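# Overview (structure and organization)
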Amino acid sequence: MLFALFLSALTSATILPGTSEAALGAMVAAGDHAIWLLVAIATLGNVLGSIINWGLGLYVDHFKDRRWFPVSPDALDRASHWFGKYGLWSLLLAWLPVIGDPLTLFAGVMRVRFIPFLILVTIGKAARYAMIAGGTAWLGSLF
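Residues numbered from 1 in each chain as written. Predicted model: local features only at pLDDT ≥ 70, side-chain atom pairs only at ≥ 80, totals over all residues. Heavy atoms only, no water.

### Brief notes about the packing of aromatic side chains
Per the stated rule, a full pass over the model turns up 4 aromatic pairs. Members of the aromatic cluster, connected to one another through ring pairs, are Trp54, Phe114 and Phe117. (Phe/Tyr/Trp six-rings, centres within 6.5 Å; stacked < 30°, edge-to-face > 60°.)

### Describing the nonpolar core
Core analysis: the biggest nonpolar cluster contains 19 residues, and Phe83, Leu91, Leu105, Ala107, Val112, Phe117 and Val121 have the highest contact counts within it. Breaking this core down by element, the ones donating at least two residues are α3 (35-58), α5 (73-86), α6 (100-109) and α7 (114-142). Ranked by residues supplied to this core, first place goes to α6 with 4 residues. Listed in part, the 12 residues of the second largest apolar core include Phe6, Met27, Ile41 and Ala133. (Core = buried A, V, L, I, M, F, W, Y, C linked by side-chain atoms within 4.5 Å. Buried < 20%, exposed > 50% of the residue type's maximum accessible area, 1.4 Å probe, protein only. Helix = DSSP H or I, 4+ residues; strand = E, 2+ residues; numbered from the N terminus.)

### Points about the environment of leucine 118
Position of leucine 118 relative to the elements: it lies in helix α7. Sequence-wise, leucine 118 and serine 20 are 98 residues apart; in three dimensions their C-alpha atoms are separated by 19 Å.

### What to know about the packing of α3 against α6
Between α3 and α6, whose axes approach to 6 Å, the crossing angle comes to 45°. By the angle between their axes, α3 is oblique relative to α6. Crossing hand, α3 versus α6: right-handed. Residues Ser50, Asn53, Trp54, Leu56, Gly57 and Leu58 of α3 pack against Asp101, Thr104, Leu105, Ala107, Gly108 and Val109 of α6. Here the residues of the contact of α3 with α6 sort into 6 nonpolar, 5 polar and 1 charged. (Axes fitted to C-alpha atoms, helices over the stretch in contact; angles between N-to-C directions. Parallel < 35°, antiparallel > 145°, perpendicular 65-115°, else oblique. Left-handed = near helix turned anticlockwise from the far one by under 90°. Contact = heavy atoms within 4.5 Å. Nonpolar A, V, L, I, M, F, W, Y, C, P; charged D, E, K, R; others polar.)

### Regarding the confidence of the model for the protein
Scored by pLDDT, the protein has a mean of 88; 97% of the residues are at 70 or more. Within the protein, the element-level pLDDT minimum falls on helix α4 (residues 60-63), averaging 75, and the maximum on α7, averaging 95. (pLDDT = per-residue confidence, 0-100.)

The following block contains the structure:
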């Protein structure tokens, strides 16, 4: 079950569709595991997916015309705009739907150093999962 959460979070940050928020919420509601563990596993999987995107970004010129490439030209342009406007700090928003994955890819294109990338992406994604888990637990306590 924990591995399924990890895979869901990983795929949610890559080309493959994932439903990590729903998986996390369901596992928190089930109450079979500590919330901190679930948040850590979801964060780890999602950050790993973002690292894959960052790595692809390093070689985007070689892959951007391939059919399997995870980001459309329009999404790449939007991420480029965000990244140009807000710079490195925009990576705190890597958890956002639609624009988050292209941001992590564009960080690779822009040759953002790995450690700052890892720190900022992890902060944003961990905060999102902590809020989802906390909200689920709070709602569960009401019923």
